Amino acid sequence: MGQTSISMAIEDFYAIHGNYSTRLLLHTEDSNKDNVQAASVALNLLKNHNVQAIIGPQKSSQAAFISDLGNKSQVPIISFSATSPSLSSSSLPYFVRTTLNDSAQVNSISALIKAYGWREVVPIYEDTDFGRGIIPFIVDALQEIGARVPYRSVIPVSVTNDQIMAELYKLMTMRTRVFIVHMSYSMGSLLFSKAKEAGMMSKGYAWIMTDALANIVDSIDASTIDTMQGALGVKPYVPKSRELESFTRRWRRRFQQDNPNDQQAELSIFGLWAYDTVWALAMAAEKIGVENARFQKPKVATNSTHLENLMVSINGPELLNAILTSQFRGLSGEFYLIDGHLQYSIFQIINVVGKGEREIGFWTAKHGISRQLIHNQGKSYTTLMTDLNPVIWPGESTIVPKGWEIPASGKKLRIGVRTSGYTEFMKVETDPLTNATTATGYSIDIFEAAIKKLPYAISYEYVPFEDAQRKDSKTYNDFVYQVYLQKYDAVIGDITIRYNRTFYADFTLPYTESGISMIVPVKNSKQKNPWIFLKPLTIDLWLVSLAFFIYTGFVIWVMEHSENTDFHGPSSHQLGTMFYFSFSTIVFAHREKMEHPLSKIVMIVWLFVVLILTSSYTASLTSMLTVQQFQPTVTHVHELLKKGEYVGYHTGSFVEGLLEQLNFDKSKVRGYLTFDDFTEALAKGSKNGGVAAIVHEIPYIKLFLAQHCTGYTMVGPIYKTAGFGFAFPKGSPLVPDISRSILNITDGESIIQIEKKWIGERNFCQKEDNVISSNSLNFRSFWGLFLVTGAVSTCSLLINLTMLLYKRWCKMQNINHDQSFWNRIFLWLRYYHQNNDIIRHMVHIATTRNMVDATNHEHHVNHREESDNATGDNQ
């Protein structure tokens, strides 16, 4: 394929650039797929033909040694098929890679794995420089997305059919079902044929090919394609063009002419890279003009080797630089090199279906995965499965493989269990006759319910923890550590999710309430406080209420005094009436009647305020007289520290270390094993050899309170924890599925039934909210009410005073209330005329406008007085 493309490239280039003064002359040698032979023919080309450049070390292992020869002779070594990342321009400056570096595709592969949610991947690669070179980059890329590599399958080049079948059967016994294949065509075709024979190209498996195989899918024979059905692949994207279509047709005819005895092959990207390589070299040769190429003989000793006697190209550095700076649009797309390597940023994702490949999407470094090439610069990077076209998976399945399975022929999951200090959570028993292990308890019911809700079946068995009888504080740490040692596939029980334990195990979401609290005794308040009736309201609320009682009574007295005879009489009588009327609203028993409408408005608002105050007072006092009979002896952990009280904990719990962090003295901390020990210690008290409080985890406290319904309560929490969870190996794919099942359980009725079975009724016993004393009501809770009644009273008072002053003024001025509006305004302005210059100016204006009305009014008044006098005389 490469030879046909190279020959056609020379012909096409000089057909277009016939005026160029340079020509490329080919000296073709065959390495026969042997590294030593490749080095031998390269040395022959350099020594006997004085070639200016060498194109086409096919394998990475060949390119590595030939590039050393290029460094010594300053002759560029250009490869369009050596893809190993181990070939670096820093160590091999005269090596030019006009193909893709294998490491460039690892991000597209990791994005594909992330899109389908796979957590474990096994790479399968050949044991060559080409195969090994990409693995560190793949592992790093997978770690960045949270996927892990539990195993690496290395296939020797000289592998036999039996050996490869043995390796495949080994993979079948593992749970991982996602494989990345990085192989040459000869080994890849053998692997897939044996995988199909072993039944691994069936439903539930996922295979991803690197570009080494994906690039040549169209050139693979039909029998091999049939073994690859359902596999995915990533390869560099080649944009379509008229030039490419024309070249592809011509290439097919030329390949058939050059190789009449071979099966017709399809042009792959390697043929395009070979074509573009020749164009880049031809343009570089014309640029520097190598028609007069010169070589310099090195200065070496007479007994030197052939390698030391290699001629050094004087034009080599200039030619290398011209190649590295070449940039043009070739058949494979944009051709440009960075650090001696061809650059690509767009990868095509394919699915092997039928007789060839089917495009399911693209990956770009800027936008991630998409169904179509994205030219919108504003789109963000995404890796969503929905951004890909549907895939036909192995076994002609359309269901996305979950990425792992419990092998049918493998062992059951070994679930580690241990008897808890509280058997309600976990109790493990072993039958002495059958040696069968049974486990019961709250944690077991949660685990088994979660397993039943999984969308697939899991076979497991309970295995008791051998050191479960140990009574030191490291028991649970050691229990979880067994997962890291691969003794168990998981451990379950009342295991608190702790930071230090996450270093060697992954935990599910918690299935219990989290936190650390205290168990404390409650005291019965036998001595009654004679002033308890004052406690429902705080001092500020009492004072404000008293002030508003007086103020409201005063406002009503002012408004009713001028018109209501009930508010007349001696000063002492009026003062008594004012206070009595205000305070009698509490029982709605005032005998005085109100006549003024504003007084009635004020009273309605005040009655509303009094109703709310009395109702709140009654409720608060009732709560104090009943609830306050039971109060915790300790309300905060700092009380224990301040008083130097003794504190208890469950022996073997991490709470002991927590108490030390809270600055409790070791001598003040005492450990106990059972609930009976707790009650005995709390009954004795801190001063009599017991403790003032027990610090424990909330799930255990709920169990304690369910069994000891009176005399104790829970105070806290005083510390936050993550709760109880199940531990699995790091990176286990079971963790997210089990966590989702736990969420399903804890959000429904199942958790209530399980708690009722093992802990008891949730509200059967005395809880924390039954024993906390009621708080007094304060002014901040009612300031809005006082604001409303104060505003209504004040406004009513101001309106009433304004009306009284106006009436008095009218009486003093002997003004008839029947006068017109303008006359009243005039008289008011005249009243203030002598004291205000501005008013004086306004009076002048008003006088001008109302002179006629005022004069007419005076005549009218005089006429009425004369008529009245005449009538009186007649009478």
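Structure report, in brief. It should be emphasised that the depicted structure is a prediction, and the values quoted were computed from it without experimental measurement.

Overview of the side chain of glutamine 348
Here's step 1: Note that glutamine 348 resides in strand β14 (residues 346-353).
Here's step 2: Side-chain polar atoms of glutamine 348 contact the side chain of glutamate 359, separated by 2.7 Å.
Here's step 3: Not counting residues up to four positions away in its chain, the partners in contact with glutamine 348 are Gly233, Val234, Lys235, Pro236, Tyr237, Glu359, Gly361 and Phe362.

Thoughts on the nonpolar core
Here's step 1: Among the nonpolar cores identified, the biggest contains 105 residues, and Tyr116, Phe192, Met200 and Trp207 are the most heavily contacted of them.
Here's step 2: No other element matches helix α12 (residues 269-288), which puts 13 residues into this core.
Here's step 3: In contact with phenylalanine 192, other than residues within four places in its own chain, are Val181, Met201, Trp207, Met209, Leu213, Thr227, Met228 and Ala231.
Here's step 4: Of all hydrophobic cores here, the second largest spans 50 residues; its members include Leu413, Ile701, Met714 and Phe728.

A closer look at the sheet that holds strand β7 (residues 206-209)
Here's step 1: An order of β5-β4-β6-β7-β8-β14-β15-β16 is seen for the eight strands of this open sheet, with the pairing classed as mixed. The sheet is open, and its two edges are formed by β5 (153-155) and β16 (368-370), each paired on a single side. Each strand of the sheet is rotated relative to its neighbour by a mean of 25°, with strand direction disregarded.
Here's step 2: Where β14 lies against strand β15 (residues 356-364), eight bridges are found, and the strand directions are antiparallel.

Describing the pairing of strand β11 (residues 327-330)
Here's step 1: Alternating residues of β11 divide into Phe328 and Gly330, all buried, and Gln327 and Arg329, none buried.
Here's step 2: Pairing analysis gives four bridges linking β11 to strand β12 (residues 333-338), with the strands arranged antiparallel. What sits directly across from arginine 329, in β12, is glutamate 334.
Here's step 3: In textbook terms, the turn of a hairpin is the stretch between consecutive antiparallel strands, and for β11 and β12 this stretch comprises two residues.

Concerning the sheet that holds strand β17 (residues 413-417)
Here's step 1: Spatial ordering of the open sheet is given by β20-β17-β21-β29-β22, a layout of five strands whose pairing is mixed. Each having just a single partner strand, β20 (460-464) and β22 (506-507) make up the two edges of the open sheet.
Here's step 2: As paired strands, strand β21 (residues 490-496) and strand β29 (residues 724-728) are joined by three bridges and run antiparallel to one another. Bridging from a neighbouring strand, threonine 496 pairs with phenylalanine 724 of β29.

Definitions and limits used
- Residues numbered from 1 in each chain as written.
- Predicted model: local features only at pLDDT ≥ 70, side-chain atom pairs only at ≥ 80, totals over all residues.
- Heavy atoms only, no water.
- Helix = DSSP H or I, 4+ residues; strand = E, 2+ residues; numbered from the N terminus.
- Polar contact = N/O pair within 3.5 Å; in protein donor to acceptor, adjacent residues only side chain to side chain.
- Contact = heavy atoms within 4.5 Å.
- Core = buried A, V, L, I, M, F, W, Y, C linked by side-chain atoms within 4.5 Å.
- Buried < 20%, exposed > 50% of the residue type's maximum accessible area, 1.4 Å probe, protein only.
- Pairing = 2+ DSSP bridges.
- Axes fitted to C-alpha atoms, helices over the stretch in contact; angles between N-to-C directions.

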